[in-house]
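# Results of the structural survey
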Amino acid sequence: MVIRSINLETVCGVTSTLPVNGRPEVAFAGKSNVGKSSLINALVNRKSYARTSATPGKTQTINFYNINGEMYLVDLPGYGYARVSEREKEQWGKMIERYLHGSKQLKAVFLLIDIRHEPSANDRLMYEWVVNQGFEPVIIATKLDKIKRSQIQKHVKMLREGLSLVPGTKVIPFSSVTKQGRDEIWEFIESECLE
Ligand code: GTP
Ligand code: MG
């Protein structure tokens, strides 16, 4: 994808009305701090267009990034951040649910999982839930630069088993530091989500 323009067009809070824009959308879900905003920056070749942070819970809204006036990359709020109230967690959950359930233009959901760790109970719930909404999520195994090359297969297997992935589910190892995996993600978006 040649990026000609990028624009954070809509920011949705808990009570905002979701935009109806008529263009294809792809969404990025995953626990807080897993690297969703960093991935979006890598996809659009910017250092810090989407705000990232070492502090989990940075993205608390649904952010719609308009790419070339053609499509949207959608940054979802991270789940599983311990230091927020139960009420806030519930609100985020409802907001994400409303979006996944309600968007007419959502073509694919990418679920980001840290390649280093066993998927958490929240990761498993999120995966099942996305599947139950009728999507075949693509797993992006993030922070690939943090493990040795020789460990990649073992860790991918750990993710497949930990999430009980449907056989054939695509897993793309990715690093926002080295940009490894970036082209494969764009290839998937271009071939499966855009006509
Ligand atoms: P929330 O907005 O809180 O849900 O987090 P997020 O999923 O958007 O994570 P974010 O992109 O803000 O990244 C969190 C931290 O992980 C930051 O300090 C990033 O620099 C770091 N990080 C993200 N991706 C990678 C990666 O591929 N490799 C390494 N080494 N660090 C990464
Ligand atoms: Mg973020």
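Above this text you will find the structure in question.
Reference entry: report on the structure contained in this document. Sequence positions are assigned chain by chain, starting from 1 and proceeding in written order. All chains are assigned letters beginning with A, and all ligands numbers beginning with 1, in the order in which they are written. Local features in this predicted model are restricted to residues of pLDDT 70 or higher, and side-chain atom pairs are both shown and tallied only at a pLDDT of 80 or more, whereas totals for entire chains, interfaces and linings draw on every residue.

Secondary structure elements are defined from DSSP: runs of H or I of at least 4 residues count as helices, runs of E of at least 2 residues count as strands, and each element is numbered from the N terminus. Tallying secondary structure elements over the chain gives five helices and seven strands in all. Taken from N to C terminus, the helices and strands of the chain fall in the order β-β-α-β-β-α-β-α-β-α-β-α. Against the compact-globule benchmark of 16 Å for 195 residues, the chain has a radius of gyration of 16 Å, which places it among compact chains. Expressed as lengths along the three principal axes of its C-alpha atoms, the size of the chain is roughly 45 × 40 × 30 Å. Restricting the calculation to C-alpha atoms gives the radius of gyration, and the globule rule supplies 2.2 Å times the number of residues raised to the power 0.38.

The nonpolar core is taken to be a set of buried Ala, Val, Leu, Ile, Met, Phe, Trp, Tyr and Cys residues joined by way of C-beta atoms within 7 Å. Put plainly, a residue is buried at 20 or more neighbouring C-beta atoms within 10 Å of its own, exposed at 12 or fewer, and partly exposed in between, counting only other residues' C-beta atoms, which are placed from the backbone. Phe28, Val74, Phe110, Leu111, Leu112, Ile140 and Ala141 are the most contacted members of the largest nonpolar core, which totals 43 residues. Here this core takes five residues from strand β5 (residues 106-114), the largest share from any one element.

Turning our attention to the environment of Lys143. Relative to the assigned elements, Lys143 resides in the loop between β6 (138-142) and α4 (152-163). According to the C-beta neighbour criterion, Lys143 is buried, with 21 such atoms within 10 Å. Sequence-wise, Lys143 and Val34 are 109 residues apart; in three dimensions their C-alpha atoms are separated by 8.0 Å. Note on contacts: each residue gets a C-beta atom placed from the backbone, and two residues are in contact if those atoms are within 7 Å. Apart from the residues within four sequence positions on either side, Lys143 is in contact with Gly35, Asp114, Ile115, Arg116 and Ser175.

Spanning twelve residues, helix α3 (residues 121-132) covers 16 Å between terminal C-alpha atoms, matching the ideal 16 Å at 1.5 Å per step. If you check which residues of α3 are buried, you get Asp123, Met126 and Tyr127. One side of α3 carries all its buried residues, which in axial view fall inside an arc of 100°. Away from its buried face, by an angle of more than 90 degrees, α3 presents the exposed residues Ala121, Glu128 and Asn132. Buried residues in α3 make contact with β2 (25-30), β5 and α4. Taken from the residues just after α3, Gly134 is the one with a positive phi, measuring 95°. One less than the number of residues in a helix, times 1.5 Å, gives the span that helix is expected to have. The arc in question is traced by the directions running from the helix axis to the C-beta atoms.

What follows concerns the sheet that holds β2. Strands sit in the order β1-β3-β4-β2-β5-β6-β7 across an open sheet of seven strands; the sheet is mixed. If you trace the sheet from one side to the other, it starts and ends with β1 (6-12) and β7 (171-173), each paired once. The sheet shows a mean angle of 25° between the axes of neighbouring strands, direction not considered. Against the sheet, α3 contacts β2 and β5, and its axis sits at roughly 165° relative to β5. Strands qualify as paired when DSSP identifies two bridges or more between them. Throughout, an axis means a line fitted to C-alpha atoms (over the contacting stretch in the case of helices), and angles, computed between N-to-C directions, take values from 0 to 180 degrees.

In terms of residue burial, β2 counts as a mostly covered element, since six of its six residues are buried. Judged by which residues are buried, β2 turns out to be covered on both faces: Glu25, Ala27 and Ala29 on one side and Val26, Phe28 and Gly30 on the other are all buried. Bridge analysis of β2 against strand β4 (residues 71-75) gives four bridges, and the strand direction is parallel. Residue pairing across strands places Val26 opposite Leu73, the latter belonging to β4.

This paragraph deals with the environment of Val130. On the secondary structure map, Val130 appears in helix α3. For Val130, a count of 19 C-beta atoms within 10 Å corresponds to the partly exposed category. Sequence separation between Val130 and Leu106 is 24 residues, and the spatial gap between their C-alpha atoms is 12 Å. Not counting chain neighbours up to four residues away, the residues in contact with Val130 comprise Ala29, Leu100, Val109, Leu111, Phe135 and Pro137.

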